[in-house]
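# Report on the structure
Now for the letters of each chain:
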Amino acid sequence: MGLRAVLVIVVAALAASGQAELSAVQASPQRASPSLWGDLRPGPHSVGHRVTRVFDPTRTFGARVGATGTSDVRLVTVHVWYPASTSSAGSMVLQDYLALNETDGPITPAVRQRRELDLDGLWSDLCICRAPRTGADARLTTPPGTPVAAVGSATPAEGRHPVVVYSLGDDMHSLENVVLWEYLASHGYMVAVTPSMGHKEVPMEPIGLTAVEIRARDMEFALGWLRDVPFADMDRWPPLASA
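Remember, predicted model here, so these are calculated numbers, not experimental data.

## Points about helix α4 (residues 209-226)
- In a regular helix each residue adds 1.5 Å, so 18 residues correspond to 26 Å; α4 covers 26 Å between its end C-alpha atoms and thus fits that length.
- Residues Ala-211, Ile-214, Arg-215, Asp-218, Met-219, Phe-221, Ala-222, Leu-223 and Leu-226 constitute the buried set of α4.

Set out below in structure tokens:
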């Protein structure tokens, strides 16, 4: 789904929930648009980004093996873009969104594989030639080295902010609509995104009931996690799924 189509869905969802206000989407004359945004105009807030990886003890991941039928506990990754206090410290580039840091949670083989798939997907989006990514390309210096709107682990803006939970399209890479998420955060919304992760292996299952259930339960888990985030306003959250 393209950015423009998703923006239409977001505006419709927010309006229906009673959260869309004209004043919230007016451009700030002092704030320049990030280079990846094209003609989109940022809101009054700076943008922060955090990522966490948390085990969901109610679900498993991977094929069940052995007589005991054991398998790994499912690890859910949640990326969060949010309104932040004005700051230039810790400014990020595009590839920083996919960095793996132990402080964000466990780094399992599945997490590493998801990152490689994300790099492949990002490369496919950015490379006009659509050539496969090679070892040299893995450096991803330009354009994934392009500065983005977010500041890593920035101090949240004062107050509590309405939440949008976003589910990726069919096995899309984890930055499929990053401009949209930054844009919403600049206008006062907190956006939580759960990357694609299948039930038995990292690539998501084909489109169908299993894939739908996986995404729905990942979003449900993210919502539960967000209830412990002090700057998330859980009384105002229009969930959004991208197909």
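## Focus: the nonpolar core
- Core analysis: the largest hydrophobic core is formed by 26 residues, its most contacted members being Trp-81, Tyr-97, Val-178, Trp-181 and Val-191.
- Contributions of two or more residues to this core are made by α2 (109-126), β4 (147-152), β5 (161-167), α3 (178-186) and β6 (190-194).
- In terms of residues, this core owes the most to one element, α3, which gives seven residues.
- Val-178 has contacts with Trp-81, Leu-94 and Tyr-97, leaving out every residue within four places of it along the chain.

## Remarks on the packing of aromatic side chains
- Tallied over the entire structure, the rule returns five aromatic pairs.
- A ring pair is formed by Trp-37 and Tyr-183, whose centres lie 5.8 Å apart and whose planes are at 65 degrees; its orientation type is edge-to-face. Of this pair, Trp-37 sits in the loop between α1 (3-16) and β1 (46-65) while Tyr-183 sits in helix α3, and the two are 146 residues apart along the sequence. For the pair formed by Trp-37 and Tyr-183, the shared burial category is buried.
- On the numbers, 5.2 Å between centres and 65 degrees between planes, the contact of Trp-81 with Tyr-97 is edge-to-face. Of this pair, Trp-81 sits in strand β2 (residues 70-84) while Tyr-97 sits in the loop between β3 (91-93) and α2, and the two are 16 residues apart along the sequence. For the pair Trp-81 and Tyr-97, one class covers both residues: buried.
- An aromatic cluster is built from Trp-81, Tyr-97, Tyr-166 and Trp-181, whose rings are joined through pairwise contacts.

## Observations concerning the environment of Pro-206
- One can find Pro-206 in the loop between β6 and α4.
- With 36 residues separating them along the chain, Pro-206 and Asp-170 place their C-alpha atoms 7.8 Å apart.

## What about the pairing of β5?
- Within β5, seven of the seven residues are buried, which leaves it mostly tucked inside the rest of the structure.
- In this sheet, β6 lies alongside β5 in parallel orientation, the contact comprising five bridges. Its bridge partner being in β6, Val-163 is matched across the sheet by Met-190.

Cut-offs used in this document
- Residues numbered from 1 in each chain as written.
- Predicted model: local features only at pLDDT ≥ 70, side-chain atom pairs only at ≥ 80, totals over all residues.
- Heavy atoms only, no water.
- Helix = DSSP H or I, 4+ residues; strand = E, 2+ residues; numbered from the N terminus.
- Expected span 1.5 Å × (residues − 1).
- Buried < 20%, exposed > 50% of the residue type's maximum accessible area, 1.4 Å probe, protein only.
- Core = buried A, V, L, I, M, F, W, Y, C linked by side-chain atoms within 4.5 Å.
- Contact = heavy atoms within 4.5 Å.
- Phe/Tyr/Trp six-rings, centres within 6.5 Å; stacked < 30°, edge-to-face > 60°.
- Pairing = 2+ DSSP bridges.

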